[in-house]
Amino acid sequence: MNKEWWRGAVIYQIYPRSFQDDSGDGIGDLAGITRRLDHVASLGVDAIWLSPFFTSPMADMGYDVSNYRDVDPQFGTLADFDALVARAHDLGLKVIIDQVISHSSDQHPWFKESKKSGAKADWYVWADPKPDGSPPNNWQSVFGGSAWEYAPERGQYYLHNFLISQPDLNLHNPAVQDELLDVLRFWLERGVDGFRLDTVNYYFHDPELRDNPAMSPDPERWPPLSTYDMQDHAFDKNRPENLAFLERMRALMDQFEARTLVGEVGEAPHRALGIMEEYTSGTTRLHMAYSFDMLGPKFTPEHSRSRIEGFFKGAPDGWPSWSFSNHDVQRHVTRWAKYGTQDAVAKLAISMLVSFQGTIGIYQGEELGQTETELDYSELTDPPGLRFWPENKGRDGCRTPMVWDASAHAGFSTVKPWLPVKPPQAARALSTQEGDPSSVLAHYRAAIAFRKGSAALSNGRSVFLDLPEPILGFTRIAPEQSLTCLFNLGPDPVTIDAPAGTLTDPSQAATLSGGKLVLGPNAAAWFES
């Protein structure tokens, strides 16, 4: 067995609420995922990542867990989960599941007991009010307002980095750490191959509760939509105490064969790469760090180069995971619409991703070139959208159901789904692209197969090329193969000197003429030597 299967893997993210509803309640479920795994396997990916399916009141759609060791009834049962894992493994797919352990739901029995100052009194982060009754410090919630909520039962505030109903666990308490490690063991023993650790840099807070300093204004995004982004988060997260706990998690994982940890690092650009490097350096912490750096509006050669080059310079023995879309951000085909047509941008994006050094993630529907859904306020379910509309429309637009065929609700459900399937999204159904060699779907399959069949793309190092904007270029070098990768990130044709080597498929919109390479709009070209 390849113990490092995760290194360079292609991971397909499934958002369970929106993948396939087999129970007929308008909400996706585990049985539906199991039924549709053949499609996922047909893409050639190595693993699936499941967003949360645990017992939850769903205030934050499952990222508020009230029982870490069970499946929420709307998704199915533990037996359904076991069947999903078995089917995935039969198809050659590894299974990674989310773990949301920086905070729980306020409906978790642990918090209810803590609120009453019971045996778990210090399992959460509690602090006295200031003499005037105001919160202990200036920390802000990601979802707006103070990160502190007063609980009259205790006469204290509790910390919540997200919703008021998502109290932060106190990982300074060894008993909390022990319990969370036992949760991981529970799922490892059920056969999961790894964990995606939600908000991994939020696990510890400064015990002195010092105020965060102000963030230096970023002219590209100032003022931000939320006061959270006005602070430099030096004390409410990103704490050095986290490293020892990551090492405890890694020690647990190493008791099982070929398992992996990937930590989500959501942080401002000036700090993100450093945290990724610190968390993955060596062999005693995370296997990979999941980056947010390519989930934003920036789409330039310089940005991609700086992220990849910067990571491997800072952590030559660490490992990143790159994605362009997920359940928290606007879909990249919409986000980067000004750079080309929808299909062209979709094909360019996967061409770039499969060429990047690191592990890569794709989000359900992007293999169809799926776009962001435009929703009315009355259709929203997501707390940030409900609070900050219309400046922030929330995350519902990227979470609308997977589109399978031309039947009602695009084959997702036989009843009205929890979020609507609208005509622009239904038009990209799997059934409309299957068998079409010019489709986005066909190019995803070809690009993923190309990566898996290339020694250079699978494990080669990266050497970036100095090329004029908007061309991104680098060479991936392995002992067996060298591959020069060239991408036109703009909507207009560009001509450059042709590199050495043979132009190879699945290149797109690239032609050779008299020693010159013409890169059409959103072109991708690979030269093998």
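Residues numbered from 1 in each chain as written. Predicted model: local features only at pLDDT ≥ 70, side-chain atom pairs only at ≥ 80, totals over all residues. Heavy atoms only, no water.

Peer 1: Talk me through helix α5 (residues 242–253); I want residue IDs and the actual numbers.
Peer 2: A rise of 1.5 Å per residue sets the reference length of α5, with its 12 residues, at 16 Å; its end C-alpha atoms lie 17 Å apart and thus fit the reference within 8%. Every buried residue belonging to α5 is among Asn242, Leu243, Phe245, Leu246, Met249, Arg250, Leu252 and Met253, and all of these are buried. (Helix = DSSP H or I, 4+ residues; strand = E, 2+ residues; numbered from the N terminus. Expected span 1.5 Å × (residues − 1). Buried < 20%, exposed > 50% of the residue type's maximum accessible area, 1.4 Å probe, protein only.)

Peer 1: Pulling in residues and values, what's your account of the side chain of Ser482?
Peer 2: The topology assignment puts Ser482 in strand β16 (residues 481–488). With sequence-adjacent residues up to four places away left out, Ser482 is seen in contact with Thr475, Arg476, Ile477, Phe527, Glu528 and Ser529. (Contact = heavy atoms within 4.5 Å.)

Peer 1: Run through the pairing of strand β15 (residues 471–478), naming residues and quoting values.
Peer 2: Every regular strand shows the same layout, with side chains that alternate between the two sheet faces. Most of β15 is tucked away: 7 of the 8 residues are buried. Judged from the 4 bridges that link them, strand β14 (residues 461–464) and β15 form a sheet pairing that is antiparallel. Residue pairing in the sheet places Val463 in a bridge with Thr475 of β15. Connecting the antiparallel pair β14 and β15 is a turn made up of 6 residues. If you look at the hairpin formed by β15 and β16, you'll find 2 residues sitting between the two strands. (Pairing = 2+ DSSP bridges.)

Peer 1: Requested: an account of the packing of helix α9 (residues 342–355) against helix α13 (residues 440–452), with residues and values cited.
Peer 2: The description of two packed helices rests on the angle between their axes and on the distance between the axes. Running from N to C, α9 and α13 point in directions that differ by 10°, and their axes come no closer than 9 Å. Viewed along their axes, α9 and α13 adopt a mutual orientation that is roughly parallel. Together, Asp343, Ala346, Lys347, Ile350, Ser351, Leu353, Val354 and Ser355 of α9 and Val440, His443, Tyr444, Ala447, Ile448 and Arg451 of α13 make up the contact between the two elements. (Axes fitted to C-alpha atoms, helices over the stretch in contact; angles between N-to-C directions. Parallel < 35°, antiparallel > 145°, perpendicular 65-115°, else oblique.)

Peer 1: A description of the sheet that holds strand β1 (residues 10–14) should follow, citing residues and the corresponding values.
Peer 2: Ordered in space as β1-β2-β5-β9-β10-β11-β12-β13, the 8 strands form a closed barrel in which the pairing is parallel. Strand-to-strand, the axes of this sheet are offset by a mean angle of 25°, without reference to chain direction. Where β1 and strand β2 (residues 47–50) come together, 4 bridges link them in parallel fashion. Looking at the pairing, Ile14 lines up with Leu50 of β2. Across the sheet, helix α2 (residues 78–90) is in contact with β2 and β5 (94–99); its angle to β5 comes to roughly 140°. The strands that α13 touches are β1 and β13 (359–363); relative to β13, the one it contacts most, it runs at about 165°.

Peer 1: Go over the sheet that holds strand β8 (residues 156–159), please, and point to the residues and values.
Peer 2: With antiparallel pairing, the 3 strands of this open sheet are ordered in space as β6-β8-β7. In the strand order of this sheet, the two ends are held by β6 (126–127) and β7 (148–151), each with one partner. When β6 meets β8, the two strands line up antiparallel, connected through 2 bridges. Among the inter-strand pairings, Ala127 is bridged to a residue of β8, identified as Tyr157.

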